Amino acid sequence: MTRDEFEAELRAAGFSTFAEVTREADGHLDTHSHPFEARALILAGEISIETAGTTRRYGPGDIFHLAAAEPHSERYGPAGVHYLAARR
């Protein structure tokens, strides 16, 4: 999915806030949650997200989804990660 397709699809689904996010190489965030639903398109690098005891790795072109208030932790790859995030 291209960036334009991602944005168009999510705008049609009611997502209105978009932001580019860059995280440092080999970094991490411990378990936390957000008061909003989020979807993100990985533009470069990689991120591993753990939810409910399951870890999944995402790379360029992949999309991850987190429900509002969903506890999760994050780990970033050796080149970090850069993604386009949308929230509602």
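What counts and what doesn't
- Residues numbered from 1 in each chain as written.
- Predicted model: local features only at pLDDT ≥ 70, side-chain atom pairs only at ≥ 80, totals over all residues.
- Heavy atoms only, no water.
- Phe/Tyr/Trp six-rings, centres within 6.5 Å; stacked < 30°, edge-to-face > 60°.
- Buried < 20%, exposed > 50% of the residue type's maximum accessible area, 1.4 Å probe, protein only.
- Helix = DSSP H or I, 4+ residues; strand = E, 2+ residues; numbered from the N terminus.
- Lys NZ or Arg CZ within 6 Å of the ring centre and 35° of its normal.
- 1 Å grid on protein atoms, 1.4 Å probe; cavity = no way out; pocket = protein on both sides within 12 Å on 5 of 7 lines; lining within 4 Å.
- Points joined across faces, edges and corners; volume = space filled by probe spheres on them.
- Nonpolar A, V, L, I, M, F, W, Y, C, P; charged D, E, K, R; others polar.
- Salt bridge = Lys/Arg side-chain N within 4 Å of Asp/Glu carboxyl O.
- Core = buried A, V, L, I, M, F, W, Y, C linked by side-chain atoms within 4.5 Å.
- Contact = heavy atoms within 4.5 Å.

(A) Structural view of the packing of aromatic side chains. Scanning the entire structure with this criterion turns up two aromatic pairs. Ring geometry for Tyr-58 versus Phe-64: centroids 5.6 Å apart, planes at 55°, classification tilted. Like Tyr-58, the residue Phe-64 is buried in the burial classification. Note on Phe-64 and Tyr-83: the rings are 5.6 Å apart at their centroids and 70° apart in plane angle, and the pair reads as edge-to-face. Here Tyr-83 lies in strand 6 (residues 72-87) and Phe-64 lies in strand 5 (residues 63-66), a separation of 19 residues in the sequence. Lying over the aromatic face of Phe-36, Arg-87 brings its terminal NZ or CZ to 3.9 Å of the ring centre.

(B) Layout of the layout of surface pockets. Empty space within the largest pocket amounts to approximately 250 Å³. Lining the largest pocket are 20 residues, with His-34, Phe-36, Tyr-83, Ala-85 and Arg-87 sitting closest to its centre. Listing elements by their share of the lining of the largest pocket, those giving two or more residues are strand 1 (17-23), strand 2 (28-32), strand 3 (38-51), strand 5 and strand 6. Among the elements that line the lining of the largest pocket, the one with the most residues is strand 6, at six residues. Tallied by class, the residues present in the lining of the largest pocket amount to 12 nonpolar, four polar and four charged.

(C) Here's a closer look at the pattern of salt bridges. Inspection of the entire model under this criterion finds five salt bridges. A salt bridge links Arg-3 to Glu-20; its shortest N-O distance comes to 2.7 Å. In this pair, Arg-3 is assigned in helix 1 (residues 3-12) and Glu-20 in strand 1, connecting sequence segments 17 residues apart. Taking the relative accessible area as the measure of exposure, Arg-3 reaches 31% and is therefore partly exposed. Arg-57 is the salt-bridge partner of Glu-46, the closest N and O atoms lying 3.2 Å from each other. Of this pair, Glu-46 sits in strand 3 while Arg-57 is found in strand 4 (residues 54-58), placing the two residues 11 residues apart along the sequence. The exposure class of Glu-46 is partly exposed, given its relative accessible area of 24%. One network of salt bridges, in which partners are shared, links Arg-3, Glu-7, Arg-11 and Glu-20.

(D) Region of interest: the nonpolar core. By size, the foremost hydrophobic cluster in this structure holds 12 residues: Val-21, Ala-40, Ile-42, Ile-47, Ile-49, Tyr-58, Phe-64, Leu-66, Tyr-76, Val-81, Tyr-83 and Ala-85. Counting only elements with at least two residues in this core, the list comes to strand 3, strand 5 and strand 6. Excluding residues within four positions of it along the chain, Tyr-58 makes contact with Ile-42, Gly-45, Glu-46, Ile-47, Ile-49, Ile-63 and Phe-64.

(E) Examining unusual backbone geometry more closely. Look at Ala-52: it is not a glycine, yet its phi comes out positive at around 50°. One can find Ala-52 in the loop between strand 3 and strand 4. A residue is classified by how much of its surface remains accessible, and Ala-52, at 83% relative accessible area, is exposed. Of note in the backbone geometry, Ala-69 takes a positive phi value of approximately 65° without being a glycine. Checked against the element boundaries, Ala-69 lands in the loop between strand 5 and strand 6.

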